[in-house]
Amino acid sequence: MRPRNRGRTLGGSLAYSLVGTGFYLITQLGVLSSLSHLRGPVAVGEFGLALALTTPLFALANMGLRTAQAVDVTEQFTFADYGGVRLVLTTLAIAACLIAGWLLAGGLHTFLVVAVVAGAKAFESVSNLAYGAFQQGGRMELVARSYAVRGTLTLAIFIGLLLAGADIVVAFLAQLAVWGAVALTLDYPRASRLASGAVVRPSLSRKCWQLLKKSAPLSGASFANNLQGSLPRLFLQWHMGLEQLGLFTAVGYFQRAGIAASNSVLHAIINRLAVLSHRDEKRSAYKIVLVLAAVFVVLGALGIYLCVAFGDVILRILFGESFVQAHMLLVIVSVSLLLRMISTLLQSMLISQQRFGAFFWAQIATLIAARRAGITQMSAELEAEQAEAVALAERASTLRELIGALSERAAAGATAAPATTDPDLPQLSPEAIELAFADPARTQPAVPFPLANGYLVPPANGVTVVDFGANDGRGGIAQGQSIVTRAEAQVLAPADGWVLYKGPYLNYGQIVILN
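Model, not experiment: these values are computed from the prediction.

Focus: the pattern of salt bridges
All chains considered together, the criterion is met by 3 salt bridges. Where Lys121 meets Glu124, a salt bridge forms, and the shortest distance between an N and an O atom there is 3.8 Å. On the criterion of helical spacing, the pair formed by Lys121 and Glu124 is a turn pair, its members being 3 residues apart in helix α5 (residues 108-136). Each member of the pair Lys121 and Glu124 is classed as buried. For Arg139, the salt bridge goes to Glu141, with nearest N and O atoms at 2.3 Å. Taken together, the shared-partner salt bridges connect Lys121, Glu124 and Arg150 into one network.

Notes on the nonpolar core
Of all hydrophobic cores here, the largest spans 38 residues; its most connected members are Leu35 and Phe172. Mapped by element, the contributors of at least two residues to this core are α1 (10-39), α2 (41-62), α5, α6 (140-163), α7 (168-196), α9 (242-278), α10 (282-319) and α11 (327-352). Residue contacts for Leu35: discarding those within four places in its chain leaves Gly40, Ala43, Val44, Phe47, Phe158, Leu162, Ile168 and Phe172. With 33 residues, the next largest nonpolar core counts Leu65, Ala130, Tyr147 and Val182 among its residues.

Focus on the packing of aromatic side chains
A complete count under the given rule lists 9 aromatic pairs for this structure. Ring geometry for Phe77 versus Tyr82: centroids 6.2 Å apart, planes at 80 degrees, classification edge-to-face. For the pair Phe77 and Tyr82, a shared accessibility class is recorded, and that class is buried. Site record: aromatic cluster; members linked through ring pairs are Tyr24, Tyr131, Phe134 and Tyr147. Over the face of the ring belonging to Trp179 we find Arg150, whose NZ or CZ atom lies 4.8 Å from the ring centre.

Focus: α10
With 38 residues, α10 extends only 45 Å from end C-alpha to end C-alpha; this falls clearly short of the ideal 56 Å at 1.5 Å per step. For α10, the principal kink sits at Phe310 and spans about 80 degrees. By the burial criterion, the buried members of α10 are Ala285, Ile288, Val289, Leu292, Ala293, Phe296, Gly300, Ile304, Cys307, Gly311, Leu315 and Phe319. Gly320 lies just past α10 and shows a positive phi near 115 degrees.

Some words on the environment of Leu514
Note that Leu514 resides in strand β4 (residues 509-514). Taking C-alpha positions, Leu514 is 8.1 Å from Asp496, a pair spaced 18 residues apart along the chain.

Brief notes about the packing of α5 against α7
Contact geometry for α5 and α7: axes closest at 8 Å, N-to-C directions at 15 degrees. Of the possible angle classes, the one that applies to α5 and α7 is roughly parallel. Read as a crossing pair, α5 and α7 show a hand that is left-handed. Taken together, the residues that form the contact of α5 with α7 break down as 24 nonpolar, 5 polar and 3 charged.

Here we look at the side chain of Ser33
Tracing the sequence through the fold places Ser33 in helix α1. A distance of 2.4 Å separates a polar atom in the side chain of Ser33 from the backbone oxygen of Leu318. Ignoring any residue separated from it by four or fewer positions in sequence, one finds Ser33 in contact with Leu318 and Phe319.

Notes on the environment of Leu29
Relative to the assigned elements, Leu29 resides in helix α1. Here the alpha-carbon distance between Leu29 and Ala250, two residues 221 residues apart in the chain, equals 9.1 Å. Setting aside its immediate chain neighbours within four residues, Leu29 contacts Tyr253, Leu318 and Phe319.

Observations regarding the confidence of the model for the protein chain
Residues of the protein chain with pLDDT of at least 70 account for 75%, and the chain-wide mean is 76. Here residues 1-6 scores under 50 on pLDDT; set against residues more than four positions off or in separate chains, the count is 16 contacts. Long-range and interchain partners of residues 414-423, a stretch whose pLDDT sits below 50, account for 9 contacts in this model, where long-range means more than four residues apart.

What about a nonpolar patch on the surface?
A contiguous nonpolar patch, built from Ile99, Trp102, Leu103, Leu104, Leu108 and Leu112 and spanning about 670 Å² of accessible area, is present on the exposed surface. For the nonpolar patch, the secondary-structure elements that each account for two or more residues are α4 (79-104) and α5. The element that contributes the greatest number of residues to the nonpolar patch is α4, accounting for 4 residues. Checked against the element boundaries, Leu103 lands in helix α4. Leu103 gets classed as exposed once you look at its relative accessible area, which sits at 63%.

Parameters and conventions
Residues numbered from 1 in each chain as written. Predicted model: local features only at pLDDT ≥ 70, side-chain atom pairs only at ≥ 80, totals over all residues. Heavy atoms only, no water. Salt bridge = Lys/Arg side-chain N within 4 Å of Asp/Glu carboxyl O. Helix = DSSP H or I, 4+ residues; strand = E, 2+ residues; numbered from the N terminus. Buried < 20%, exposed > 50% of the residue type's maximum accessible area, 1.4 Å probe, protein only. Core = buried A, V, L, I, M, F, W, Y, C linked by side-chain atoms within 4.5 Å. Contact = heavy atoms within 4.5 Å. Phe/Tyr/Trp six-rings, centres within 6.5 Å; stacked < 30°, edge-to-face > 60°. Lys NZ or Arg CZ within 6 Å of the ring centre and 35° of its normal. Expected span 1.5 Å × (residues − 1). Bend = angle between axes of the 7 residues up to and from the residue. Axes fitted to C-alpha atoms, helices over the stretch in contact; angles between N-to-C directions. Parallel < 35°, antiparallel > 145°, perpendicular 65-115°, else oblique. Left-handed = near helix turned anticlockwise from the far one by under 90°. Nonpolar A, V, L, I, M, F, W, Y, C, P; charged D, E, K, R; others polar. Polar contact = N/O pair within 3.5 Å; in protein donor to acceptor, adjacent residues only side chain to side chain. pLDDT = per-residue confidence, 0-100. Patch = residues over 30% accessible without salt bridge, like charges linked within 9 Å, V, L, I, M, F, W, Y side chains within 5 Å. Areas by Shrake-Rupley, 256 points an atom, 1.4 Å probe, with all protein chains shown as cover.

Here it is in structure tokens:
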């Protein structure tokens, strides 16, 4: 079957796709910003955990059907076929999200947030089914209208409920209702009429199994891609709590927004690339991709500059003062985003030619390269910090001078500030303090240092030969405690803190200095 003639020009499709997606991303940023300002990092963390659990599962369930539908220029499968597969997989995704939420949420309230977000994702899947039909028919203005309606209503109702004092579960329930109404009353009927001439029900036929096998590589690539973004969030929630996850979620939104923007470009051009490939006009297709890649490079470089120069201001305005400490993370995210956008655009040629298997392995190779680049970058930063600490140790003539220099460097670098500087320290019961110190897996201070008085234990078992404040035997006053231990004894930090220096120093041997 020859591909149908599409009514929209490439420029028109790009314009509608970018405007619609851009407006929707702004409204979603408004939702996240209002959540951070009106409810704080913990609420943002609950939302971030919900996204970490639901996004990869729905990416797996979506099977890349929207993309497969857009490049199906010969209409090998019907709209009802796509709908039937989507209905079954979305049901399975909801069940998987509920199970994952129950096991990993850590509390009933957080589980409810996960459950409601999963419901909203289910209706988003219905809208994505419609968007695939709109792309296939060259009607990107319908996608833009859907985004505009969905984004505007969600933002207005969400902020209104938070200002009225509603719980965030209620606010996300309102989002679910809006997305469901738009999907079922606006998107699905329009898409069904465009693709089939009438509103049709999803159906399951033998062709659905063929569709599943054909789009499976797209599903695997999308799942691996989203899982890579979700695993750090799950790790943060497990080891550092919802507040730290909230900081990461806020910064991570910029990466999500950038990926969504680049995907909107892909959605606008993929059908045109598929038609050109079908006509064996690959040179024209390559020209489109290379021009857009150059545009991505320029915009990405500008984004990196803005994050470096004004990242702290951006975070303060959008999310509040407590999020400013994530400035450097924002810069790292902007660099990785540029690489991701270019990779996605170049891989669009494989998708347009329906070489889904090759696309899967190209995507996996990109993820591995990005992972290695991230590890290399983090290792280089850690080595640089260690080298700077060693240089300070070489210049310091006394231990007191070294500690002072390290403290100044930590303050200048805005090292993650513990609550010890807060004049309004939280009131913790003795039982709460003991329980906090009993957790050996904690990776951040569990108790402000002033409240730890009376609960600290010696760093090692042994005999105290010089106590704090006693005569040090050399005509001075001991500023610490000296303990004689057995050989190869285990030494533990007596209090929580961040490592400022580790290594040899003068005649002290191997030392560790904590902030």
